[in-house]
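# Architecture and fold: a report
For reference, the chains in residue letters:
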Amino acid sequence: MTDEPKGNQEKPAQSEAKQPPKVGEGSGQDALSSGAQQPPTEKVTAESQGIAPGKASDAIEGKDLAAVKPEQPEKITEKHGLAPDTPQAGAQPPGAGMPATGTPPTGAPRTDVPTAAPKPPAAAPPATEKPAAPVKPAGPTPQPWASEMVTRFQRQFGSGIQPLTYLGQNYMIVDRSVVSEVLQLMRDEERFDYCVDVTAVHYPQREKQFDVLWVLYSFPRNERVRIKTMIADGESVPSAVPIWPTANWLERECYDMFGIRFDGHPDLRRILLPDGWKGFPLRKDYGIIQQDQEWVQINLGIESGQ
């Protein structure tokens, strides 16, 4: 028996075209050097394989595209110095901005969430009335004044005098007809040797609008007493200058400010305001900034002194 020629052994037909190498098996250089034609296949691109743009050159050089994998998110975060679970600034989670199933769009009222019933408004507290202001206690009032001196005057003048005291200040209301005699007795018999002041008070609502007062002091007795009389506008009172010469300027001031005349005064004229001035500034019906415009224009040559 003769050996069959080796050439008759079953060998793969060399005429068969070589199978194109699969991607990843061998290098791209082998495939190109073999000169074998590759069957038409779908064009492989970096985008179709999920390869980053920077890896496209590797695919062109024939590197295995399957072996080239996109970087994992964990590596990307480590590369940029971020914690794996830390989202980048401004990044939104997957699905953010997309309305969930059954969720109304943003801004639309939701009907699937139960709403609590509105609470009734709280009742206002009952209004409490302000307590009435306490009644002011009555102020001090003049009280009768009794003394040996008062007794002597009452025996002489009777109802012509009314002795009173107010907060420790003693005074006598004297009728205008007997005021000159009372003042003379106060100096001669009761030793009130000092006339402290002569002044007045204006009460426009009264029939007798003016109270004229003499404030007297006794050095020997160390005592102060006021003598008061009431007169109507235009009436006069007797001057005390013959009794106390110091009353001269005091009565002039009273005349200048109130217009009260003192009978028997040696030189009754204005002492503070110029002669010819109209009006009496301490009367209640005289304005606080009132002035004699005519006198100002004539004597000062101006429209107003204010």
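Preceding block: the structure.
Residues numbered from 1 in each chain as written. Predicted model: local features only at pLDDT ≥ 70, side-chain atom pairs only at ≥ 80, totals over all residues. Heavy atoms only, no water.

## Some remarks on helix 5 (residues 179–188)
Within the span of helix 5, buried status applies to V179, V182, L183, L185 and M186. The buried residues of helix 5 occupy an angular sector of 165° when the element is viewed end-on, so they sit on one face. Residues of helix 5 that are buried sit in contact with helix 4 (148–157), strand 2 (161–166), strand 3 (169–174), strand 5 (210–218), strand 6 (223–231) and strand 7 (236–238). (Buried < 20%, exposed > 50% of the residue type's maximum accessible area, 1.4 Å probe, protein only. Helix = DSSP H or I, 4+ residues; strand = E, 2+ residues; numbered from the N terminus. Arc of directions from axis to C-beta. Contact = heavy atoms within 4.5 Å.)

## Focus: unusual backbone geometry
With phi around 60°, R191 is a residue other than glycine that occupies positive phi space. Relative to the helices and strands, R191 is located in the loop between helix 5 and strand 4 (194–202). Given a relative accessible area of 46%, R191 falls into the partly exposed group. A positive phi angle is found at N222, which is not glycine, with a value near 50°. The residue N222 is located in the loop between strand 5 and strand 6 in this model. Given a relative accessible area of 59%, N222 falls into the exposed group.

## Digging into the packing of aromatic side chains
Here the structure, examined in full by the defined rule, presents four aromatic pairs. Relative to F219, the ring of Y217 lies with its centre 5.0 Å away and its plane at 90°, an arrangement referred to as edge-to-face. A relative accessible area of 16% means that Y217 is categorised as buried. For K284, the ring lying beneath its charged end belongs to Y203, and the centroid distance is 5.8 Å. (Phe/Tyr/Trp six-rings, centres within 6.5 Å; stacked < 30°, edge-to-face > 60°. Lys NZ or Arg CZ within 6 Å of the ring centre and 35° of its normal.)

## Looking at the side chain of H202
Take H202: it is sitting in strand 4. Side-chain polar atoms of H202 contact the side chain of Q209, separated by 2.8 Å. Among the polar contacts made by the side chain of H202, one reaches the main-chain amide nitrogen of K284 at a distance of 2.9 Å. (Polar contact = N/O pair within 3.5 Å; in protein donor to acceptor, adjacent residues only side chain to side chain.)

## Here's the deal with the pairing of strand 6
Looking at chain direction, strand 3 and strand 6 are connected through three bridges and run parallel. When the sheet's bridge partners are listed, I173 is paired in strand 6 with K228. Inspection of the sheet shows strand 5 paired to strand 6 by nine bridges, in the antiparallel sense. For L216, the partnering residue across the bridge sits in strand 6 and is V225. Joining the antiparallel neighbours strand 5 and strand 6 is a turn of four residues, in which N222 adopts a positive phi near 50°. (Pairing = 2+ DSSP bridges.)

## Re the sheet that holds strand 5
Reading across from one edge, 1-2-3-6-5-4 is the order of the six strands in this open sheet, with mixed pairing throughout. Across the chains shown, the open sheet's two edge strands, defined by having one partner strand only, are strand 1 (143–144) and strand 4. Packed on one face of the sheet, helix 4 meets strand 2, strand 3 and strand 6 and runs near 155° to strand 2. Helix-sheet contacts for helix 5 involve strand 2, strand 3, strand 5 and strand 6, and the interaxial angle to strand 6 is about 170°. (Axes fitted to C-alpha atoms, helices over the stretch in contact; angles between N-to-C directions.)

## Considerations on the pattern of salt bridges
This structure, assessed with the given rule, holds nine salt bridges. One salt bridge connects E190 with R152, and the closest N-O pair in it is separated by 2.9 Å. One end of the pair, E190, is in the loop between helix 5 and strand 4; the other, R152, is in helix 4, with 38 residues separating them in the sequence. The class for E190 is buried, based on a relative accessible area of 4%. (Salt bridge = Lys/Arg side-chain N within 4 Å of Asp/Glu carboxyl O.)

## Here's the deal with the environment of Y286
By secondary structure assignment, the location of Y286 is in the loop between strand 8 (261–263) and helix 7 (293–300). The class of Y286 is buried, set by a relative accessible area of 11%. Excluding residues within four positions of it along the chain, Y286 makes contact with W277, K278, G279, F280, P281, Q291 and D292. Polar contacts involving the side chain of Y286 include one to the side chain of W277, which spans 3.3 Å.

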